[in-house]
Amino acid sequence: MNNKMKSLSVCLMLALCFTFTACVSDPASYYFDYEELKEKVIKIELINYDYSNVKSVKKKADILPFDFDRMEILETL
């Protein structure tokens, strides 16, 4: 095997290792303390928020404040 073939096979092995490890790693899971939620939650509301000018934000400072006038309560538990 010549040097080109060795370097190509090493690169392919590294690419495969990277691909497999990237696909296997999961983001952190979020868990809730359901007993605490049952004690502290007063009510749950299903809402419809009418906002047609949707855009993706990259910074937390670009998030607009919640406009309660655009909200419609559909159901309350």
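Scroll up for the structure.
Undergrad: I would appreciate a short explanation of the overall build of the chain in the present structure.
TA: When helices and strands are counted, the chain shows two helices and two strands. Along the chain, from the amino end to the carboxyl end, the secondary structure elements read α-α-β-β. Within the chain, the fraction of its 77 residues that count as buried is 0%. Counted over contacts in the chain with a minimum sequence separation of 6, partners at least 24 positions apart contribute 60%. In the structure as shown, the chain presents an accessible area of about 8100 Å², 62% of it carried by carbon and sulfur atoms.

Undergrad: Just to check I follow, could you spell out the pattern of salt bridges for this structure?
TA: According to the stated counting rule, one finds four salt bridges in the structure shown. Across the salt bridge formed by Lys38 and Glu35, the nearest N and O atoms sit 3.3 Å from each other. Placement of the pair is Lys38 and Glu35 together in helix 2 (residues 34-40), with a separation of three residues, close to one helical turn. Between Glu36 and Lys40 there is a salt bridge whose closest N-O contact spans 3.1 Å. With Glu36 and Lys40 both in helix 2, this residue pair falls four residues apart, about one helical turn. The exposure class of Lys40 is exposed, given its relative accessible area of 59%.

Undergrad: Honestly, a nonpolar patch on the surface in this entry has me stumped. Any pointers?
TA: Together, Phe32, Tyr34, Leu37, Val41, Ile44 and Leu77 give the surface a local cluster of nonpolar side chains, amounting to about 650 Å² of exposed area. Within the element layout of this structure, Tyr34 appears in helix 2. Residue classification places Tyr34 among the exposed residues on the basis of a relative accessible area of 54%.

Undergrad: Explain the packing of aromatic side chains here, please?
TA: Pairs of aromatic rings are described using the distance from one ring centre to the other and the angle between the two planes. According to the stated counting rule, one finds three aromatic pairs in the structure shown. Members of the aromatic cluster, joined through ring pairs, are Tyr49, Phe66 and Phe68.

About the criteria used
Residues numbered from 1 in each chain as written. Predicted model: local features only at pLDDT ≥ 70, side-chain atom pairs only at ≥ 80, totals over all residues. Heavy atoms only, no water. Helix = DSSP H or I, 4+ residues; strand = E, 2+ residues; numbered from the N terminus. Buried < 20%, exposed > 50% of the residue type's maximum accessible area, 1.4 Å probe, protein only. Contact = heavy atoms within 4.5 Å. Areas by Shrake-Rupley, 256 points an atom, 1.4 Å probe, with all protein chains shown as cover. Salt bridge = Lys/Arg side-chain N within 4 Å of Asp/Glu carboxyl O. Patch = residues over 30% accessible without salt bridge, like charges linked within 9 Å, V, L, I, M, F, W, Y side chains within 5 Å. Phe/Tyr/Trp six-rings, centres within 6.5 Å; stacked < 30°, edge-to-face > 60°.

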